[in-house]
Amino acid sequence: WLVPENAWMNGGESDRPHSTHRKRIHPLSVPPGIANWPFPNIDVTNDPDNDQTEPSIQINPLDSNYIVIGANDDRTFNTLWAYSSKDGGHTWQNQPLPLVLIDSDADVIATDPSIAFSSDGKVYFGNGHLGLAGVPDDVACFESSNTGQAWSITSGYPYLNPSTSNDTSTDKYFIPVDADPSSPFHDRVYATWVEIVGSTPPRIAFSYSSDGGMTWSARVFLTSQGYYSAPVPATAPDGSIVVIFEQYTLGATYILESRSTNGSISFSGPKIIQHYIDVGPWRGDSATNDGHPVVKDTVRA
């Protein structure tokens, strides 16, 4: 993704809305020598005039004919869209999620979809809402009990710092569900995201719900304040929750892991998994006194 100068100070959302239309559908390459290639392109949105970006896709564990996709959809900016299929992806229903008001203010930008199924086939849709004009940000959770055909809001989860509640911005929200029947945290819903308070660097935040997204625990932090991004969570059969994320400090770029074995009450780490190299190039003017570059345009893997 493209990260503009000081993107982490304003939520990091450089992809919504798009200033120009960029959507193009290109046929998949058919391998030579294969007649009757079985993987045709299927247009999920049938919407040639708008962009859809950052898709999240999941298949119902109880019936693989049911598929749900969530995406940023430039048909609307203040809510995201869900696309659902009942026939293995051949045909699709499109619909916007219910509108969420933050402090009774609809002037928000919805971002960063994340889809997850529970063990009983219920599907959850998590995303963020970036408040404008002094309105604080929000992490929202929606649910569907009919495999994505209709949606309701379970909750918005405001995570405000009382001293700086109008100066909190966020990015990259992911929701997994512990769907393993043998797990001690069976069907617990988790949420992780990047949180920024004021002009301080980001940190990785985490919360959970034990009642299907209706209420959420107080957030815990997997890191101190630093240059962290892109948390991707996953659950294990024993109930552990693992979050993989990146550190992008100049000269110290790592893929990190934090793990919880007590249902996200506390986390170990972060532990370094691997050093990575930016692809790019970096095009910064200089570094700040903490070593972080003043980035104008950066492409990161």
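On a predicted model such as this, the values are computed, not experimentally measured, just so you know.

Observations concerning the confidence of the model for the protein
Counting all residues, the mean pLDDT for the protein is 79, and 73% of those residues have values of 70 or more. Counting contacts from residues 1–14, a segment whose pLDDT is below 50, to residues more than four positions away or on other chains yields 43 contacts. Contacts of residues 284–301 to residues separated by more than four positions or lying in other chains number 50 contacts, the stretch itself having pLDDT below 50.

Notes on the packing of aromatic side chains
Aromatic rings considered in pairs are described by the distance between their centres and by the relative angle of their planes. Applying the stated criterion to the full structure yields 6 aromatic pairs. Ring centres of Tyr190 and Phe206 lie 5.6 Å apart, and the angle between their planes is 45°; this geometry places the pair in the tilted category. Of the two residues, Tyr190 is situated in strand 11 (residues 189–197) and Phe206 in strand 12 (residues 203–209); the sequence distance between them amounts to 16 residues. Classification of Tyr190 as buried rests on a relative accessible area of 0%. Classification of Phe206 by relative accessible area gives buried; the value is 1%.

Points about the sheet that holds strand 4 (residues 81–85)
In a beta sheet, neighbouring strands pair by backbone hydrogen bonds and run either parallel or antiparallel. Taken together, 4 strands build an open sheet; the order of strands is 2-3-4-5 and the sheet is antiparallel. Of all the strands in the sheet, the pair left with one neighbour each is strand 2 (52–59) and strand 5 (93–96). Mean inter-strand twist for the sheet, computed between neighbouring axes without regard to direction, equals 20°. Relative to strand 5, strand 4 runs antiparallel, the two being bridged by 4 bridges. When the sheet's bridge partners are listed, Tyr83 is paired in strand 5 with Asn94.

Re the pattern of salt bridges
Enumeration over the complete set of coordinates arrives at 8 salt bridges. Taking the shortest distance from any N to any O, the salt bridge between Glu54 and Lys172 comes out at 2.9 Å. Placement of the pair is Glu54 in strand 2 and Lys172 in strand 10 (residues 168–174), with a sequence separation of 118 residues. A relative accessible area of 25% places Glu54 in the partly exposed class. Judged by relative accessible area, Lys172 falls into the buried class, the value being 13%. Residue Lys122 pairs with Glu143 through a salt bridge whose shortest N-O separation is 3.3 Å. Taken together, the positions of Lys122 in the loop between strand 6 (108–117) and strand 7 (123–131) and Glu143 in strand 8 (residues 138–144) put the pair 21 residues apart, joining distant regions of the chain. Glu143 sits in the buried class, given a relative accessible area of 17%. In this structure, a network of salt bridges that share partners links the residues Asp47, Asp73 and Arg75.

How each quantity is defined
- Residues numbered from 1 in each chain as written.
- Predicted model: local features only at pLDDT ≥ 70, side-chain atom pairs only at ≥ 80, totals over all residues.
- Heavy atoms only, no water.
- pLDDT = per-residue confidence, 0-100.
- Contact = heavy atoms within 4.5 Å.
- Phe/Tyr/Trp six-rings, centres within 6.5 Å; stacked < 30°, edge-to-face > 60°.
- Helix = DSSP H or I, 4+ residues; strand = E, 2+ residues; numbered from the N terminus.
- Buried < 20%, exposed > 50% of the residue type's maximum accessible area, 1.4 Å probe, protein only.
- Pairing = 2+ DSSP bridges.
- Axes fitted to C-alpha atoms, helices over the stretch in contact; angles between N-to-C directions.
- Salt bridge = Lys/Arg side-chain N within 4 Å of Asp/Glu carboxyl O.

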